[in-house]
Amino acid sequence: METIIKKINIDGFSREDLKEAALFIREGKLVAFPTETVYGLGGNAYDSTASARIYAAKGRPSDNPLIVHISEFSEIGPLVKNVPDVARALSDRFWPGPLTMILEKSDRIPKETTGGLDTVAIRMPSHPIANMLIREAGVPIAAPSANASGRPSTTKAEHVIEDLSGRIDMIIDGGSSDIGLESTIVDLTVSPALILRPGYITLEMLREVIPDIEYDKAVLKRIKDDTIVAKAPGMKYRHYAPKGELTIYEGDISRVSEAIRTSAEEKLRAGHTVGILTSDELLGSYSELRSIYQEEHTGCDVCPDTGSTEPDADKKGMLYIKDIGSRENESEIAAGLFDALRYFDEVKAEYIYAESFTEGGIGQAIMNRLMKAAGYHIITV
Ligand code: TXA
Ligand code: MG
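The structure presented is a predicted model; accordingly, all values stated were derived computationally and were not measured.

Calculation rules
- Residues numbered from 1 in each chain as written.
- Chains lettered and ligands numbered in written order.
- Predicted model: local features only at pLDDT ≥ 70, side-chain atom pairs only at ≥ 80, totals over all residues.
- Heavy atoms only, no water.
- Helix = DSSP H or I, 4+ residues; strand = E, 2+ residues; numbered from the N terminus.
- Contact = heavy atoms within 4.5 Å.
- Domains from an automatic or database assignment.
- Buried area = accessible area lost by both parts, 1.4 Å probe.
- Salt bridge = Lys/Arg side-chain N within 4 Å of Asp/Glu carboxyl O.
- Polar contact = N/O pair within 3.5 Å; in protein donor to acceptor, adjacent residues only side chain to side chain.
- Patch = residues over 30% accessible without salt bridge, like charges linked within 9 Å, V, L, I, M, F, W, Y side chains within 5 Å.
- Areas by Shrake-Rupley, 256 points an atom, 1.4 Å probe, with all protein chains shown as cover.
- Lys, Arg positive; Asp, Glu negative; His and termini not counted.
- Charge placed at Lys NZ, Arg CZ, Asp CG, Glu CD.
- Buried < 20%, exposed > 50% of the residue type's maximum accessible area, 1.4 Å probe, protein only.
- Pairing = 2+ DSSP bridges.
- Axes fitted to C-alpha atoms, helices over the stretch in contact; angles between N-to-C directions.

### So, the environment of isoleucine 378
Here is step 1 of the chain: Mapping isoleucine 378 onto the fold places it in strand β16 (residues 378–380).
Here is step 2 of the chain: Isoleucine 378 sits 128 residues away from glutamate 250 along the chain, and the two C-alpha atoms are 7.2 Å apart.
Here is step 3 of the chain: If we skip the residues at most four places from it in the chain, isoleucine 378 touches Arg222, Ile248, Glu250, Met367 and Met371.

### Here's the deal with the domain arrangement of the protein
Here is step 1 of the chain: When the domains of the protein are assigned, the result is domain 1 (4–220) and domain 2 (245–380).
Here is step 2 of the chain: Counting residues at the interface gives 26 residues for domain 1, matched by 16 residues for domain 2.
Here is step 3 of the chain: Together, the buried faces of domain 1 and domain 2 total about 1,700 Å²; carbon and sulfur atoms form 53% of this surface.
Here is step 4 of the chain: Taken as a group, Pro152, Leu181 and Pro198 account for 32% of the area that domain 1 buries against domain 2, more than any other trio of residues on that side.
Here is step 5 of the chain: With a shortest N-O distance of 2.8 Å, aspartate 163 and arginine 342 are connected by a salt bridge.
Here is step 6 of the chain: Taken together, domain 1 and domain 2 are joined by 9 residue pairs in polar contact (both at pLDDT 80 or more).

### Notes on unusual backbone geometry
Here is step 1 of the chain: Cis geometry marks the peptide bond from tryptophan 95 to proline 96, where omega comes out at -5 degrees.
Here is step 2 of the chain: Mapped onto the secondary structure, proline 96 falls in the loop between α3 (85–94) and β5 (99–104).
Here is step 3 of the chain: The phi dihedral of lysine 348 is positive, around 60 degrees, even though this residue is not glycine.
Here is step 4 of the chain: Relative to the helices and strands, lysine 348 is located in the loop between α11 (330–346) and β15 (351–355).
Here is step 5 of the chain: Positive phi is not limited to glycine here, since tyrosine 376 has a value of about 65 degrees.
Here is step 6 of the chain: Here tyrosine 376 lies in the loop between α12 (363–373) and β16.

### Thoughts on a negative patch on the surface
Here is step 1 of the chain: Residues Asp280, Glu281, Glu328 and Glu332 make up a contiguous surface patch of negative charge.
Here is step 2 of the chain: As for its position among the elements, glutamate 328 is in the loop between β14 (319–323) and α11.
Here is step 3 of the chain: On the basis of relative accessibility, which here comes to 73%, the residue glutamate 328 falls in the exposed class.

### As for the sheet that holds strand β2 (residues 31–33)
Here is step 1 of the chain: Strands sit in the order β1-β8-β2-β3-β7-β4-β6-β5-β9-β10-β11 across an open sheet of 11 strands; the sheet is mixed. Edge positions in the sheet fall to β1 (4–7) and β11 (214–215), since each of these pairs with one other strand and no more.
Here is step 2 of the chain: Here 2 bridges tie strand β3 (residues 40–44) to strand β7 (residues 141–142), and the two strands are oriented antiparallel to one another. Within the sheet, the bridge partner assigned to glycine 43 lies in β7 and is alanine 142.
Here is step 3 of the chain: Relative to β5, α3 is tilted by about 165 degrees, and along the sheet it contacts β5 and β9 (184–187).

Quick look at the structure:
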């Protein structure tokens, strides 16, 4: 299948620019589009065949329900059995934006879209391209993250092209996603309401609207424990994982960088390719390691020997360091996380060492994704 790549400028586009994409959605075709969280792989949520095609394109298990995207609150009516007051209150506060609500589904939504469940996940994205696409399509758009199943979610059109080119009808390139982590998911069908997936909208923010809301147990999980089963079916799968073995180090940050240096050096000496995921604060602590492995080294965003930004993935025993921003600025860390995980695949890192981040606020979402990517392999130093 030929995938049309359509570039659209977020700061200046018209309805006309989204006409073909909207028509594709109505015809049951698949269109990947940018949202403020991550890119979505969209299809008509009312069309069970479109949903089946989404699962096939991603290689996703079909018991993993899709999120249905709307462009204004009134569009929620046909999708659900009833609209609880709390849904309206959350919408007033956080929609459009990075929040997904689980509600009892109506008969209008096929079970293929909800992975066989009687509930439906609904989100109103704030990204202007996403919003206009839904409006123009005239139907709600079912969209999981636009990555191949198991890989990190996509925050740039290039990521989507990498994973889904040739498997879907169109990719809208609208630049990078601002937030970079998927939406916060709240289940409103249980009491008290539960957060099934942490995201940019934090527990503290949600408690201003629902004082007794809590995290689902699986969100707080810190060890590999198969007896804690996630309520969001998608959260139980191996996810976000880079191909290399990822280990997280937590504790006092000077000890963390020391432990990472020791582990990295051991693997580098043995001829392995190593990746380090770091922050502005700790980047400098790897300078000695960098200079030792300099002749052969092409990491650190710009290769010191060639000046090229293109990593040479076929050289062995290389060190690649990715600095994703300041520890003081968690939004920046969140926005760069998936791109960094993909980078380590690109350079074929065999061992990856990551710092841990604090777990308050959006840090909870960062650590949730990082921990899943590491298969809960976290070492306290
Ligand atoms: O930010 C986002 O939410 C992005 C953008 C594209 O909107 N979408 C996204 O979709 O992350 P996806 O499919 O990758 O993740 C949806 C998650 C899965 O873990 C799924 O199991 C859960 O939501 N989910 C969907 N419907 C559900 C339901 N009815 N009950 C419980 N969990 C549900
Ligand atoms: Mg996903």
